[in-house]
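Residue-level structural notes
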Amino acid sequence: MTTQTDNDSYNVLLCLNGNANAFEPLVRRYQNAAFAVALGYLRDRADAEDVVQDAFISAFCKLSQLKDPAVFGSWLHRIVVNRCKEWVRRSRIGRQVRVDTDSGGLRDEFAKSDRIHRKYIESFELWDEVEQLPEHYRQVVMLYYYTGFTLKETAAFLDIPESTARGRLYQSRIRLRDALSPQEKETIAMSQIDVTEEVQDVVCRIAKEDFEETIDMGDMENIVLYCGVNTEVEIQQAKGDQLQISGSKIGLGFSDEDAQGELAGFTVSSDRTDDYYKHGPHEGELFLGVESDKGRRWAKTRRISEHWKRDLINSWVLYEVSDGIRLIDLFPQLKEDIDIAPPLPNLVRSSLGRAIRVTVHTSEVRPMDMKRSAMSEEIEGLFKAMQWDNSSVFGPSAYCHLSISVPEGKNVSVFRPNSVTAENVNASLIIYSSPNVSRLSDIGRDVFLFNSAFSEIREIGGLFQQRLYSYGGGIFHEDVMENCDFWEGKIESVNGDVEIDVGRYELNARDLKGKVSIYNRYGTTRLQQSTRESDARCDLRTVSGNIRLSLSKSVAEKTSLVMHSLCGSFKYGNARDIMSLYRTQSVGHWLTLSSMGKSYADADFAVLTESGRAEIEVLED
């Protein structure tokens, strides 16, 4: 008997053999499962539908990375979840709508989104209770009722045992008082989506060419990957001593033939070099932006050899220009961010010596210049359009998804990736100029980020260092234009020292074990420590941002604290008595709050702010 899993495998293999039409049955089967998951995260029908289309297009482009075609559903589920997290981050509502939200005030803050959703499930009287379910329960309920999946199919999509899915559904029904009535099921079914045509239309205008290569590392300790086109990178642990590279090159065009032509000159090259710093990446042309004049526009390009070393230093401020005026001329003090930056650490510098050199590059930039009516939002997002208006879209027409499996103990440097993920990798990672280091988890050695922003860092075996001198992004609403925290990230469980030096970040840190130094100039820093190494010092500093230090009671009782501020404020609550803090005011100079008999130099925790707000709180163990 042929199973649905067999059908999935068959259709995936057809797609990999060049039959794009075989992707349609996969979309038709899983679109409402993906929609249910996205809706559970985003709570907005329109946003969820956009994410689903984006996830399917991304899945098509990455299909060669699916190791087992039989698990397409659970693989798609992970893509949907990641796209939801990116959507929340891009929309800048991450502080109010958390992916793991248990917030009862959600509808108060986002009443409009809630009303839109309720329009489709008005008669679903148990919606309030469903919304309050823990995420893993809520996913099972929504999948089971939105899709018509059996429990076995629901479990396969979520990649959990069937018994677990059955238990979660049973517990959810107890919490909801009863199962949904036939009328409520019918109402939900009416709100299902059909994005098959939209997805398939996009798929048929994309040309895809898969690649795979195995390289004998020999005595080489370093791997350097340079992304000369828009590239999404996954770093994995190799099972043996060989370096494995695989992925897909993607081209965009008006037709199948046009899209195929975009792959001309698009290459993934690899070789060995005795000095990467001297020789650099393989040659190619970079798409660096858009220039325009009198209604005409063209790609701003540069050769890789002329540009690549800029990624080694924090030199962006020297080149930022608006309306013909350099930022550095308006705010000369910003140059200090470059001048005071220390040289590259020894490990980082040595990783650019003898190395396996891999470059994703194109001999000639071929930009897309399309009418907006011919371009879906999903295509814009995938290929990272650089300029658009009401009638047209302009940007790069090449995209690459690349998976690199590295042997144990190597140093891996990645330049200019559009996004990076790595999990369960025993290597040192050095990442340059990436706007989205989305997840690094269980990395056995050191991690360095230069001009790169992270979303989630956890379980790092060595030290962690980040340098990013960016000051946020502008938002517009009604008659207000303001800057905001553009980057947002969580970091926890780092075994080595932590050194973070950033311009503006919303940073949430927890349980950092080594020495900690965080200089977040204009952003928000929250650090929670439930344990502390005896010789670990923690320095938190800001110019005009906010700092919140949360200590468990057992840590607070045996550590010292000193806080200084020029013209900011302190909030100390119950910490004053537990940590024996006393206040000092030097009239006309600064404010000080410190443990008895401790100076700034020898305190366990030191907080320094010029005009921001600093808060210390003690939590029960």
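Refer to the structure printed above.
Not measured: the values here are computed from a predicted model. (Residues numbered from 1 in each chain as written. Predicted model: local features only at pLDDT ≥ 70, side-chain atom pairs only at ≥ 80, totals over all residues. Heavy atoms only, no water.)

**Section: the packing of aromatic side chains**
- As enumerated under the stated definition, the model contains 16 aromatic pairs in all.
- Measuring from centroid to centroid gives 6.2 Å for Phe-23 and Phe-56, while their planes differ by 85°, and the two rings are edge-to-face. Linking Phe-23 in helix H2 (residues 23-42) with Phe-56 in helix H3 (residues 45-61), this pair joins segments that are 33 residues apart in sequence. Residues Phe-23 and Phe-56 agree in their burial class; the two are buried.
- Consider the rings of Phe-454 and Phe-464, whose centres lie 5.7 Å apart with planes at 85°: the pair is edge-to-face. With Phe-454 in the loop between strand S19 (447-450) and strand S20 (456-460) and Phe-464 in strand S21 (residues 464-468), this residue pair connects regions lying 10 residues apart in the sequence.
- Classification of Phe-454 as buried rests on a relative accessible area of 1%.
- We classify Phe-464 as buried; its relative accessible area is 0%.
- What links up through ring pairs into an aromatic cluster is the set Tyr-226, Tyr-276, Tyr-277, Trp-308, Phe-415, Tyr-432, Phe-448 and Phe-450. (Phe/Tyr/Trp six-rings, centres within 6.5 Å; stacked < 30°, edge-to-face > 60°. Helix = DSSP H or I, 4+ residues; strand = E, 2+ residues; numbered from the N terminus. Buried < 20%, exposed > 50% of the residue type's maximum accessible area, 1.4 Å probe, protein only.)

**So, the pattern of salt bridges**
- Applying the stated criterion across every chain yields a total of 22 salt bridges.
- A salt bridge links Asp-54 to Arg-83, with the nearest nitrogen and oxygen atoms 3.1 Å apart. Of the two residues, Asp-54 sits in helix H3 while Arg-83 sits in helix H4 (residues 72-91), which places them 29 residues apart along the sequence. Accessibility assignment for this pair places Asp-54 and Arg-83 in one class, buried.
- For Asp-210, the salt bridge is made with Lys-208, and the minimal N-O distance between the two is 3.4 Å.
- Judged by its relative accessible area of 35%, Asp-210 is partly exposed. (Salt bridge = Lys/Arg side-chain N within 4 Å of Asp/Glu carboxyl O.)

**Some thoughts on H2**
- The largest bend along H2 reaches roughly 45° and is located at Tyr-30.
- Extensive coverage of H2 is indicated by the burial of 17 of its 20 residues. (Bend = angle between axes of the 7 residues up to and from the residue.)

**Some thoughts on the side chain of Ser-351**
- Structurally, Ser-351 is set in the loop between helix H18 (346-350) and strand S10 (355-362).
- Contact partners of Ser-351, with chain neighbours within four places excluded, come to Asn-222, Val-224, Asn-411, Ser-413 and Ile-430. (Contact = heavy atoms within 4.5 Å.)

**Concerning the environment of Lys-598**
- Mapped onto the fold, Lys-598 is located in the loop between strand S34 (590-595) and strand S35 (605-609).
- Relative accessible area serves as the criterion here: at 36%, Lys-598 is assigned to the partly exposed category.
- Along the sequence, Lys-598 and Leu-561 sit 37 residues apart, while their C-alpha atoms lie 7.6 Å from each other.
- Beyond its immediate stretch of four places on either side in the chain, Lys-598 contacts Ser-560 and Val-562.

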